Amino acid sequence: LVDLPNWVGDQMMAMPALNRLVEGNRGGETVLHTRPSMTRLLSAVFPETKVISSPRKASPFSCARKVRHGGRRFEIGVTLRNAARGKILIRLSSRWCVGSKGEGALLLLSTSCGTDRSRHQVHDADSILAVLGLEAADPLWNPDLPDGIEAEEKDELRKVGVDGGRAIGLAPSTARGDAKRWPVRRYGELAARLRARGYDPVVVIGPGEEAVADELRRAARYECPVVGKNSDVAGLAAVAASLRLLVGNDSGPMQLAARVGTPVVALFGPTDPNRTAPLGPGHRIVSPPPGRGDRMRGISVDEVEAAMLDFLQLRQ
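Residues numbered from 1 in each chain as written. Predicted model: local features only at pLDDT ≥ 70, side-chain atom pairs only at ≥ 80, totals over all residues. Heavy atoms only, no water.

J.: Any chance you could explain the layout of surface pockets here in plain terms?
T.: Any empty space left between the atoms is revealed when a probe the size of a water molecule rolls over them. Of the pockets and cavities examined, the second largest pocket occupies roughly 330 Å³. Along its surface, the second largest pocket is lined by 16 residues, and Leu 1, Asn 25, Glu 29, Thr 30 and Ile 76 are the ones closest to its centre. Sorting the residues of the lining of the second largest pocket by element identifies α1 (8-24) and β4 (74-79) as the ones contributing at least two each. Ranked by residue count, the leading element in the lining of the second largest pocket is β4, at four residues. Here the lining of the second largest pocket is composed, by residue class, of nine nonpolar, three polar and four charged. (1 Å grid on protein atoms, 1.4 Å probe; cavity = no way out; pocket = protein on both sides within 12 Å on 5 of 7 lines; lining within 4 Å. Points joined across faces, edges and corners; volume = space filled by probe spheres on them. Helix = DSSP H or I, 4+ residues; strand = E, 2+ residues; numbered from the N terminus. Nonpolar A, V, L, I, M, F, W, Y, C, P; charged D, E, K, R; others polar.)

Okay, structure coming up:
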């Protein structure tokens, strides 16, 4: 049993470790426990596993009843969450269980592992993998999206009249408050500039984020196409894979785009790029120098546009 993190960005950074766990248990049964929005993507990327989902705030006791359908008990339980809820779940569901230190680990886990927070978050589970006799996560591992998912969301781009070859995604939202969010009106100004240069800006959002998209469109002063409002994480992954480039905050959509191999311009303010920056070639990071007050407001439209043009000109 593998219990996955709650948030999309954390899930994307845990995917290389998850790939090691699935490969390491090939020939056995692997069950993944996740959030409902991730179910279709995980089922597509890891078709040999069984995926069971629970709402984010579900009780670990109800989650355990769900994953232990028929009363069975797993031989090994792994939680890739730091929270006590994940540790309670795998304690209730597994004969032997492992996870990170803290949050009740001494009482709940068979073995707990330290996390080296001086390294990128993609390596947080390396000590867990080592206990299981597995290699460290490959930070550059990217999943293969099945053709059906890619075709489905390319249709969404076509529906809004966007040419994938000129499409640049703008992901203005963050799941955990405004501190990591670049001002939406600046995304709007950037969209207007990109349109004037002949590109097709596309606002990439998730369900319930329509208000942010509307604010961006008002700032851009034109009806910038919007995609993703009815999509799960699999749908958003396919949209991201169809883009030439994505600009986003330190957020789930940015991590998702990087994980499926789309270059990103990532905007960092209060968070540490050494921990959560996109990994792999072609990405750009824009972060203001210390002391500019509100860190995200310290990033200008000129700086973001310059980082994008630097990438786009290299790819002409």
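J.: I'm lost on the pairing of strand β5 (residues 94-100) in this one. Help?
T.: Sheet faces and side chains relate simply in a regular strand, where the side chains alternate between the two faces. Counted residue by residue, β5 has five buried out of seven residues, so it is predominantly covered. Pairing geometry for β5 and strand β6 (residues 111-113), over three bridges, is parallel. Its bridge partner lying in β6, Gly 99 is registered against Ser 112. (Buried < 20%, exposed > 50% of the residue type's maximum accessible area, 1.4 Å probe, protein only. Pairing = 2+ DSSP bridges.)

J.: Please explain the side chain of Thr 30 as it appears in this structure.
T.: Topologically, Thr 30 is positioned in the loop between α1 and β2 (31-34). Its relative accessible area of 8% is what places Thr 30 among the buried residues. Of note is the side chain of Thr 30, whose polar atom sits 2.9 Å from the side chain of Asn 25. Setting aside anything within four residues of it in sequence, one finds Thr 30 in contact with Val 2, Val 22, Asn 25, Thr 49 and Lys 50. (Polar contact = N/O pair within 3.5 Å; in protein donor to acceptor, adjacent residues only side chain to side chain. Contact = heavy atoms within 4.5 Å.)

J.: Quick question: what am I supposed to make of the packing of helix α3 (residues 60-67) against helix α4 (residues 84-93) here?
T.: Angle between the axes and distance between the axes are the two parameters that describe a pair of packed helices. In the contact formed by α3 and α4, the axes pass within 9 Å of each other and the chain directions differ by 40 degrees. When the axis of α3 is compared with that of α4, the two are oblique. Note that α3 runs across α4; the crossing there is right-handed. Along the contact surface, α3 presents Pro 60, Phe 61, Cys 63, Ala 64 and Val 67, while α4 presents Arg 85, Ile 88, Leu 89, Leu 92 and Ser 93. Looking at the contact of α3 with α4 residue by residue, the classes come out as eight nonpolar, one polar and one charged. (Axes fitted to C-alpha atoms, helices over the stretch in contact; angles between N-to-C directions. Parallel < 35°, antiparallel > 145°, perpendicular 65-115°, else oblique. Left-handed = near helix turned anticlockwise from the far one by under 90°.)

J.: Please explain the nonpolar core as it appears in this structure.
T.: Of all hydrophobic cores here, the largest spans 51 residues; its most connected members are Met 15, Leu 18, Leu 32, Leu 41, Leu 42, Phe 46 and Leu 80. Residues within four places of Leu 32 in sequence aside, it is in contact with Val 2, Leu 4, Leu 18, Leu 42, Phe 46, Thr 49, Lys 50, Val 51 and Ile 52. Val 212, Tyr 222, Ile 299 and Met 308 belong to the second-largest nonpolar core, a separate cluster that totals 31 residues. (Core = buried A, V, L, I, M, F, W, Y, C linked by side-chain atoms within 4.5 Å.)

J.: How do you make sense of the pattern of salt bridges when you look at a structure like this?
T.: Pairing is possible between side chains of opposite charge, provided their charged atoms come close. Here the structure, examined in full by the defined rule, presents 15 salt bridges. A salt bridge links Arg 26 to Glu 48; the shortest N-O distance between them is 3.1 Å. Of this pair, Arg 26 sits in the loop between α1 and β2 while Glu 48 sits in the loop between α2 (39-45) and β3 (50-53), placing them 22 residues apart in sequence. Between Arg 193 and Glu 189 there is a salt bridge, with the nearest N and O atoms lying 2.8 Å from each other. Linking Arg 193 with Glu 189, this pair stays in helix α8 (residues 184-196), spanning four residues, or about one helical turn. Overall, Arg 193 belongs to the partly exposed group, its relative accessible area being 24%. (Salt bridge = Lys/Arg side-chain N within 4 Å of Asp/Glu carboxyl O.)

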